[in-house]
Every structure is written in structure tokens, then in C-alpha cells.
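Now for the letters of each chain:
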Amino acid sequence: MDQPLDNFLRQYAAIFNQSHFSSASKQETIQIGSAFSSSMDCLKKEASIGSLIHFLHVTMDKLISLIGRKQVVNGNPLPFAHNAFEALVTIVDRLHDSRVNTFVDMFNRVQLLLSYVQNNLDVSDFQYDTRGEKISNSSFHGSEVAPGVYRKQLHTELLIEIMAAKQDRPKLMQRIWFFFEIVIKSLAYENILNTQMGLPRLHSFDDCLNGDIGSVISNVTQYINQLCSSASPDIKSATLLNFYLAFFVSDLFSVCNRYWVFNYIKSYIIQMNSFIDKLHRDMTQEPNALISLKLDFLRVISTHEHFVILNLPFYSESANMFDIPSFRASTISSVSQVSTSTLSADSVVADTLSVEFKQTHFLMGLLLQEFKLLLPLGIPSLQKIIVCILCQIAQFIDRDSRYSQPFVKSKVVALFLPLIKIIIAHKDQLAQGPAPFLDSAFRSAEASHELETKKNKIAGIEVSTPNNNSNSCLSLELTRNILSLFLWVFKNLDSELLFNWWAELSEPNLVKLLQVVRMCVQVFEYRGRDVLNNPSVKNEEAKQRIEGLLFGDIGARNELMMRRRPFASSSSSRNQSATSSLVRNRWDKSSTANLTCSELNSDENEKLVCESNICCETVLVCLDLTDYMLEIVSLGSLSTFMIKECVSLMAEVLSRNQTNAVYLSCLNLLRIAVKEHAQFILLEDSDLCAELCLRLLRISCVKDAQVRSQAIIVLYLIMRLCFDLTRGNSLTRLKIQLIVALSSLVNILDQDKAANLQISIRRLSTFSSKDSELIQTTFPAQIEDLAGNLHGILLNTIKMHEFDKDPEMHMDLMYQVAKGYQSSIQLRLTWLENMRVKHKERENFAEAAMCSLHSAAFVCEGLYSIEQSGDLPIGATVFEDVTENVLEECIFDYSAHGWSSFNHSLSKDKIVIHLEEAAKYFFKAQLFEFAIKCYQHLIDMHKGNKCNYKTVSEYHKKIEENYEKIMSLEECGKRSYSTFFRVGFYGRLFEDLDGKEYVYKEAPYAQLSVISHRLEAFYQERFGLPNVVEILKSSNLVERRNLDPNKAYIQVTYVEPYFDYYREVELTTSGFERNTNISEFVYNIPFTKSGKPHGGLKEQLKKRVVLRTEQMFPYLKTRLEVINRTEEILSPIQVAKEDLNKKLDQFEAVLRLKPEESLMFDASLSHKSAALSSGGGSLQQVDGKRLQLILQGCIGTQVNQGPTEIALTFLNVDDIDADGDGEWTIEHDDLRLLFKKFLRLCKKGLAENRKLIKADQVEYEAQLQRDFEKMKSIVNPLLHNRGPGWISHTFNDLERGTSDLDMNGVSNTNAAASLRNFVQQQSHSEF
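Structure report, in brief.

Another point: the overall build of the protein. For the protein, the count of helices and strands is 55 helices and 14 strands. Expressed as a percentage of the 1327 residues in the protein, the buried residues total 53%. Across the protein, the fraction of contacts at a sequence separation of at least 24, relative to all contacts at a separation of at least 6, is 74%. For the protein, the exposed area adds up to about 58,000 Å²; of that, 51% sits on carbon and sulfur atoms.

Have a look at this one:
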């Protein structure tokens, strides 16, 4: 023991020994008191931590006794209470700061001090009267011990000291939990004494104590606000202090008048709301921290073991079972008013949280009020806290045996009824579940939603749609917790109460309720092993589970799983017991601190079982609710629209991944619904019947035989009822719906699913053949015919899957099926949609856009042939400006095939949807010009509606966006286009492909070697024989007699778009126009008369092969068959001209000349025009590296087959030998003019390069200039050479070509005269 502690204990023993001071004077008494105060000061400042820890209980007992005791010496009082309290605060703070040989829990409380309060502190030893004398337990008969002498209560003295503390206030607030624990223990001891004396709790304490506690709570709340609102907020300290206060108030429920405690909570909420409201008004800080603290306070209050009872779940007007007086309306409204004014008024939506509800169920009303206010605000951290609190309460109710009886539990769960209305009112804030994989192909729900949206847009009506990307939308995990609460309430409510409640609701409210139930089905779809194995999902779920165990807010999903499983693993049992300890052990608030991460880990299989059980239970509850709704409909109190909603909900269940138990329950319920409401489902609502057909066929593909059997039974029931309702008439519409549904499944059917579906379809025929009531009708024959059609589609599907690794063949098969269904609008659109989905998956966005455009043209053509309305496009021809391929949608006589019966499938809104989709995909494919045209058509379609300015404005913004994209890509030179290859198949192994040629459209910059390897690998694998596939390296015509009949040969050649001269003249320099709407392609084969592929300039010949495809690119598929092939032999001089033209194109591209800088004309009707310009003009930004490479290739090349060698070979009059006759031809004139242009461009290139070079490239530039002068000295004399009659040759050939010019609208005389005058002027000026 060190000296300060020893001195304090000696002084304490001496001062309370009256014999030592019997004769002390007043002055001596003051000195004694001063000395004792000094010893306490030394104790709190100088005593060692080790001594304080070793003699902790002794030191604390002495100091606490000084707080409640007043010593009197010879009639002179010696007050030590304040000094003792300050010493106590300082010692507690020093023990916290040192942490020597101490342990700290999650709330930063030293376990040594906590153990002292709980185990060592005996409050009965600190009972003194106002004279300072100790009172024994036997002398207790009230607060008055003797006449004029009253008992001093430790908790009262502590509260007074807490309020009076000024100097050490920050230290006190940080360690105030220690004094709160002493106050609670003293109050509990006082309760025991009062109980022994027979005093009720309401009269155990006087009003002074109520005021003292209220003042302390108010002061602490004010200090919390100061910590959060200061210039440098201390959120951590504020959070701990808020927890200390919350635990203190929660413990007060068990030891004092509960009416007081409700007032304390009310006071706290009002204070916090006023602080939050002030921050909103001042806009100095975000109030999120204060709101979070308020929620943490309510979270702790909600963990009280009597929380449910405190909310009066069994309260009725006739009788009150409890002695808890409810607040008056004015009191409740004051709280709710402040809470409402705290947040934005626009966020508050009317609901059933009435004043009466909050007055009767005060605590639950506070929580639900916070939930209602926070749900639409978009603050995930706060939303998560309030949802976790509600989930925690639900878990405690489920685990508490006091509420295990169904009737009792139903009454308790009724406390959550306002939650239902709140969730329904804010359903748009909930996260939408992922779309079922089937809807990505069929899109029935999505298309119907978009259709309704478009109808409202066209009508100029603003509609509010959920926005999953908005800031206010909840996360998927939080949405699952909210909806699990939603279903938990309905599951535990009494069925009769639920039935009567729904019977009184209006139909719009029931529709909204069913929409929320549908969302439950969507978000609780079984995610499976792939999602659970996702690292991000694992980390997030582990984090949530750890937080849930520490704070008692484990997600409702895990709780539902625990309720369904009678057994649990060892780790789960430990977790459950650890969480339950929060309720059982009120004093030990650190019971969750000892949990380790290993106890939180669970096996992967257990996670899968948990997920499947949760999804199963939630969806089964949804089906139960649907059953209740159908019962209400059967009473006749609701319209048939509710039938559609209920059946659509069951179809939604069948469209999701679920367990077999869910499927079987849903099919049983669906069978009953179809039988009871067959007239409406099968005849009055064709879309609903079509959706059921789709979902039932999907379920008929699953592995489980029992599920498949039940699905096909329901499908057969639909057919039979439809046949009975139509009195034996044809099942044409149902057949089409089934064929459309099966066509929609082709993208998800593999071989196993197709085999299962074949078995199920055969059972339809078996059922019909054994149906004795209909055996004599046409029903069996119709079913047999339908089964045959479905079987044919399945065979096509299986064949398509054989070519899954060959996307071109796969799309060819889909295209053939789609073309075969051109007489059926639904089937044609379905297969076009299937093709769109496949193209989208493979990122062939141009082809996906064409599928949508053809769908729009198809609908437009059919609609115009029926209605011929003035505000509709005039058939498919209106889209001819995008592509001429859409004209194939006009070749069928729609009106002659009864299209008017399918008028419901044709609408202007569907055209809008398809066009918007096409524009979106064109944008992704960088075909911005096509996207602009689509938006222009959409604008034209909306011109009839003068109110729809917003939609038209959005289209104009899209057009602007596309133009900006064009400019940005063109300026930086990064716009790219597709690459094309000719592919020929030879050999009997290819079967139908043998001898056919195709043009393949590939990604930009695709390499021939990659395409060849891909095709070789695929067919090698398909044929299953080694070395059976061979790639032909040559591009020459294949000689079939030289091929091995047992092998398969593939010939791959790079091809380019081809344009004849007149079309090329009409085209601009836009690369887009040269790479779209093209059906002709060219490739060249070099050869010589000697048989070698290459030779000298005078020997080099070239074969130009032009291919024509069946349609124009881009089209519905990425490969098109070659239907025509033409060949042309180019002479050596023509080959030289072509090579020089390529160099000129490279020059123009790198110099980026403006169109007006080159005057285009062609003197020889060649495929490349010659440009004659006078020079000058501005140049745009030039790529210096590319320019130097081109200059080096053109000027630096003095040997081989460079430009100089070409000029010497073909422009030297003395050596001319063109085709052996020695004449100067128009080819020579054309080549001479090309060289003039070439020299001008070289001169411009050198001038531009001179501006771009650096200091170390001066010598290089000088060498280029010398090479250019040398080349010009050689070539210039050759350019002055011209054969006799060269001008007459030129004009004779031009005049012979004027017949073709007439066809393109160019005048013969004007064209020839203009060219003659221009050439003569150039001749005089140049020569």
C-alpha cells in the first residue's frame, strides 16, 4: 500500500472515531476537515494504480460512504460528499485510462469496476440518517427514522452530486455508467425494503426522486448533443454515453414507477428531435449521427424482457389488465409532432399510426413512427438500424414461451399491424428482385409493364415508376428483412381476423397488398450455390451476422430458418444461446463480447439449407395469402380483376427457382383456381392464359417427376376446360399460345430439359386417349395434333443446341423457324425476340437492333393493313431509310389470314417499344446514324399527341447524344466498323453446307487466323475424327476433284465492301456509309501468266472477285449466303493504279483533308477517283508518326515496286508496251493524273512534317526532302509525256459512258463539256 492510500484510510478511521475529537474546537474541526479533504485529493491524484486495484473494494466503500454520510464533530458538520464524489470520478477515470490488469468490454467498461458494483458493493451498508448515523435494517419503518430525522438514500445523493458536478463534467460523462449502476442497485434495494413493508411500486418513491432522475437524463441528453454538434464532433464518446443512458433507462423499468420511465423516454425523444430539427434548420451538419443515437436508444429499450407487456398488446376499452397508465393524446402528439417536423414533410405518408394507437402502445408507436419516417429517406445506415430493431423484437416474441399460444401470439403480433400499411405505402422504395431468367426471353411481365408505361406517355400522363437506381431505394438484403417482417405478421395473425380484415379493405388496397406479396416472391427466390459462393456476398453476410450477434439484431431470415428446423448444429445453438442471453441476463450487458469469429462460421451446406428453407417458407406464406384472397373473391365481394392478380402471382411463383414443395403447393392451388374461375382465366383474359401456358411448360422441364406430373395435369385441365367452355369448338388460340410459350423456352432448354419436356408432352396424348368422357369428340385428335407441333419445335430446339458452339449455324436455324412463322404474328414476334436475346448475349448489338427493328416493321405492317389509320406509319416501308431489309416484312398478305382476330397483339405502343429498343442497341453497336433515324421515327409517331412534350424532348436529347458521340469518335479517329470474311465449305461431311459460300460479319480488327482456328476447332470437335478438317490457304477457286472426299475443307478469305463507280460518286467520305447497308464484297487474287502469284510490274495480274449476299449487312444474323459471284482480270497497269490509289488514300487519311480540298473526278471510269486540287487549304491535326511512315514508304522507296518504279515502267513513252500493241491508253492518262496528285500530297506531307519534327529529326527531314526532289526529277519528265490523241481518247471514253451517267441523273452534254474544259485548262497550266 502506498502512502496516499494509507494516509486516506488512517484519516478516515480517525475522523469517524468520536473519542479523538471530543474536545476539539471549531477551528480545530475545520482543520481536521481540511486535512481529510487533502488526503482525498492526494488519493485521487497520487495513489498508484496497483494499490487502487489491490484495495479497490475498500477504497470505493469508504468514498461511497462519504457521499451518503455527514460527520458531525462536537456539533460542527464536516461535509465530505462533494470531495468524495470528485475523488470517486477521478479514480474511476484513472482506472479506465490505465487499463492495467483490467479488461474492457465492448461498451468500454472496465470489468473490475463492473464486478465491484455487481458483486462487492453492498448498498445496505450505506444507510445513514440526516445526523450521519448508520441505520440498521430492523429500524426501517419509512423515510422518517426519528422525529425530525430522515433516512438518506444513496441513489438520491448520487443523483444530486451528478447534477452538481461542474469541474469534472467531461470525466463524469465518460464514466457515468459506473454511477448509473450504483443508482440502479440502490433503487433495487429500496424496492426490496418497500416490498417488505407492503408498499406498492407506484408509492415506493417520492416525486423528488422522479425530478432528480429526469434532470440527470436531460443533462446527459444535452451533453450528447454537445458532443455531436461541436466543431470537432466526438461521435464515439457520444455513442457510448448514449448506450449508458439507454441501459440506465431500460433498467429503471424494473425498479421504479414505469409511468416515470415513459416520461423519461418521452423527454429524451423530444430533446433529440429538437436537436435534430435545429441542425436541419441551421444546415450546419448532417443530423444522421443524432438520429442514429436515438435509434440506438430505442434499440436498447426494445430489449427489455417486458417490452411486449409494456406495449399493452391485450388492451381494450372495457378493461385494462395492467397498471400502466397510458399517455394522453396531447402527450403523444407532442412527441410525434416534433419527430415529424424533424424530417421533410414530403416524406410523410398517411397511414394507420393514429394517435390512439401510439397512445395505447407507446413504445411500439415510437418505433413504427421512426420506421415510417426513415423508410423513404434513402439513408441506408439508419434504415438498417430501425429494421434490425423490429426484426429483433420479432425474434424475441418467437422465442418467448409466454407468447407461444396461437391466440396470445396473434394479439402480440397485432402490434405490428401498422407496419403493413407503411410497407404498402412505400413499396416503391423496396428493391426489386431480379427478373426471372425466363422473362429475359419472353418478357411477358416486363413487356406488359412497358406497354402500360408507353400508353400513359403517349397520352401525356405522368406515371410514377419504381426507380431501382435512386438513392432512396433500399438494398436487396434490407428489403428481404422488411418483407420477412411483412410475412411474419400475416403468418402469425389469426386467420379469421385476417379474413375479416381483408374483406373490409377496398379493392385498390388489396391490389397494392398483392403487389407487395409479389415482391416477396421475387426477392425470396432461391439463389443457390453460385450466389452464396460469391466472395462479396460472403463478406457482407458475415459482417451482418457478426453485427447481429453483437447487438442482438440477427436477420429475420436466420430466425425463420431456426423456427422451421427442430434441430440445430452446435455452432447455431451457441449463437442462439448467446443472443438469448441479452434477454435473460439484464445485468450482464457484456455477455456477447466473448463470442469468437469461429463460432459465427457455418458450413456451406448449412447455408444452402438455410437459404432454401427461408425461400420455401416465405413463398408458402405468400401462397397462403393468395388462397385467402381467392376465398374473398369467391364470396363475390370483389371483381374478377383480383382473380387475375392472384393467378398472376401464382405464375410468378412458377417462374422462379424454388423448392419442389413450393412448386407442388402452387400447382395444387392453381388447379383449384383454374377450375373455379375457368371462364375468366381461359376465355376472358387471353394474356393470363398465355402466361400460364408458358410457366406450366417451364415446370414440365424440371428434374422431379412428381412436379412434372402435376404441372402437366394442370395443363391438361386447362385444355379440357377450354374445350368444354367452347362447346367442342377448335382450340386454335390455346394451341398458338402453347406454341408461342414453347418457342419462348428455346433459349433455356438443354438436352435434359428437352427430354423431360418430351415425356411430359407425350403424357398429354395419353391423358386425352384415356379420357372416356371426350373419347368420341375431336378433342383427342386436336391434342395429338398439338403434341406433334410441340414435338417438332422440340426437335428444332435440340438441333439448335447441337450448334451452341457455332453461333452462325444456331442463328441460321432460328432464322429459318422465324421465317416459317411469318403468317403468325405471335410466333414471328416470339422468334424474333429469341434471336434478339441470343444476339444480346453474344454482344452482337447491331443484329439485336435489327431484330427489334424488324419486329417494329412487322407490327407496323400488320397494323396498317388492318386499321390504315392516319397517325400510323405507312407499313414497313417507312423504315426503308434505315435498311432495305425490312421490306421482307411486306411480302405477306396479312389481311387475308385473319390478323384482325389478333388485334390485341398489334398496337402503336408496341411499335414504340421495339423502336426504342432498336435505337438503344444501335447506340451500343456504334451505329449512331441508325439510332438517330429511329428516334426521328418515334418523334413523327408522337406528333399527333400535342401534350406529350416530355417524351419528344427526351427523344431530341437522345439524338443530340448520338451526334455528340459521332463527333467525338470521328475526331479522335477511334470509330471502328465490322470486319468481313468469306467462308467456303467443301466436303460431304458438311452435309447441307457443302459447296456453299458465306460472308461472315466479325468484330472490328478480327484476324483471319483467329476465325480460321475457331471454325477448325469447332468442326473438328463436332465430327469427332482426328485431322478431318483442313483449312485451305489459297483463295483460288476450289477444284473439287482434287479434294479428299473423306475430309472437310474450309476456305477463309478476308473481303472488303465493294461499290461500283456511280454509287461511290454519290457516297460521301463517311466511313459509316461505306460499312452499312452493303451486300457486295470484293477480294483480289494476284497471279502471273507463268503461274506464280507474284512477278514484276509488267507481269503482275490480279483477279478481282465480287460477291453478292442474299441480304444487306447488318441483318438478323451475322453470316449471309453468297448468291452471286463475278470475276474480273486486272491488267498490270490497272494493278499499279490500284496500288497507287491505296497510297493516296493513306495520304488523305493521315492529312485529314477536308472534302472541299480535293476536287473529285474520274477520267477513266475507274473504281477510284482522281482528285485535282490547286493546293492550299487548312489542315486539321495530323498524326506525325503515321505521316513519317507513309512518307518513308512513298518517297524513301527507290527500288522494287515503289512509286518511282511504277512511273518508270508505265509512263515512259519509249518503253510503253501496253498489252503488246504499244498504244498510249486512257489507263496511262489516269495513272499520270494520279501521279500529279501523288506529288502534291507528298509536298503537303513534307510541309506538315516540317512543322512536327523535333531537333533530332532535322537531318531525317532533310534526307526526305532530298529523296522527294530526286523522285520529282525522275517522275516530272514522265508526266509531260503523253501519247498521240490522248485527249480524244479520254473524251471518247467519257462520252461512251454517258449512257450510264443518264441512269444516275447526270446530263451527258454538261458532264462531257465540263470535263473537257477542265482537262484542257489543266493541260495548258501544267504542261
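Now for the packing of aromatic side chains. Using the criterion set out here, one finds 38 aromatic pairs in the structure. An angle of 65° between the planes, with centres 5.5 Å apart, marks the rings of tyrosine 716 and phenylalanine 767 as edge-to-face. Within this pair, whereas tyrosine 716 is found in helix H36 (residues 705-725), its partner phenylalanine 767 is found in helix H38 (residues 751-769), the two being separated by 51 residues in sequence. Classification of tyrosine 716 as buried rests on a relative accessible area of 10%. Ring geometry for phenylalanine 930 against phenylalanine 1072: centres 5.0 Å apart, planes inclined by 75°, an arrangement best described as edge-to-face. With a gap of 142 residues between them, phenylalanine 930 in helix H44 (residues 928-941) and phenylalanine 1072 in the loop between helix H47 (1061-1066) and strand E10 (1078-1087) connect regions that are remote in the sequence. Taken together, the aromatic side chains of Phe985, Phe990, Tyr998, Phe1018, Tyr1019 and Phe1023 make up a single cluster linked through ring pairs. The ring of tyrosine 921 is capped by lysine 920, whose NZ or CZ atom sits 5.0 Å from the centre of that ring.

This part takes up the packing of helix H43 (residues 908-924) against helix H45 (residues 949-972). Look at H43 against H45: their axes get within 12 Å of each other, and the N-to-C directions meet at 20°. In terms of orientation, H43 and H45 fall into the roughly parallel class. Considering how the two elements wind past one another, H43 and H45 form a crossing that is left-handed. The residues of H45 that touch H43, namely those facing Val912, Glu916 and Phe923, are Tyr955, Glu961, Asn962 and Lys965. Split by residue class, the contact of H43 with H45 holds three nonpolar, one polar and three charged.

So, on to the state of the cysteines. Per the stated rule, a full pass over the model turns up zero disulfides. This cysteine, cysteine 615, is not joined by any disulfide, and cysteine 616 carries the nearest cysteine sulfur, 8.7 Å off.

What follows concerns the pattern of salt bridges. Across all of its chains, the model carries 55 salt bridges by this definition. Taking the shortest distance from any N to any O, the salt bridge between arginine 1125 and glutamate 997 comes out at 3.0 Å. With arginine 1125 in strand E12 (residues 1119-1130) and glutamate 997 in strand E7 (residues 997-1002), the pair connects residues that are 128 residues apart, well separated along the chain. We classify glutamate 997 as buried; its relative accessible area is 13%. Sharing partners across several salt bridges, the network here consists of Arg982, Glu997, Lys1103, Arg1125 and Glu1127.

Here we take up the environment of asparagine 500. Note on placement: asparagine 500 falls in helix H24 (residues 495-504). Taking the relative accessible area as the measure of exposure, asparagine 500 reaches 38% and is therefore partly exposed. Each C-alpha atom, one on asparagine 500 and one on isoleucine 632, is 9.3 Å from the other, the two residues being 132 residues apart in sequence.

Reading guide: rules and limits
Residues numbered from 1 in each chain as written. Predicted model: local features only at pLDDT ≥ 70, side-chain atom pairs only at ≥ 80, totals over all residues. Heavy atoms only, no water. Helix = DSSP H or I, 4+ residues; strand = E, 2+ residues; numbered from the N terminus. Buried < 20%, exposed > 50% of the residue type's maximum accessible area, 1.4 Å probe, protein only. Contact = heavy atoms within 4.5 Å. Areas by Shrake-Rupley, 256 points an atom, 1.4 Å probe, with all protein chains shown as cover. Phe/Tyr/Trp six-rings, centres within 6.5 Å; stacked < 30°, edge-to-face > 60°. Lys NZ or Arg CZ within 6 Å of the ring centre and 35° of its normal. Axes fitted to C-alpha atoms, helices over the stretch in contact; angles between N-to-C directions. Parallel < 35°, antiparallel > 145°, perpendicular 65-115°, else oblique. Left-handed = near helix turned anticlockwise from the far one by under 90°. Nonpolar A, V, L, I, M, F, W, Y, C, P; charged D, E, K, R; others polar. Disulfide = S-S within 2.5 Å. Salt bridge = Lys/Arg side-chain N within 4 Å of Asp/Glu carboxyl O.

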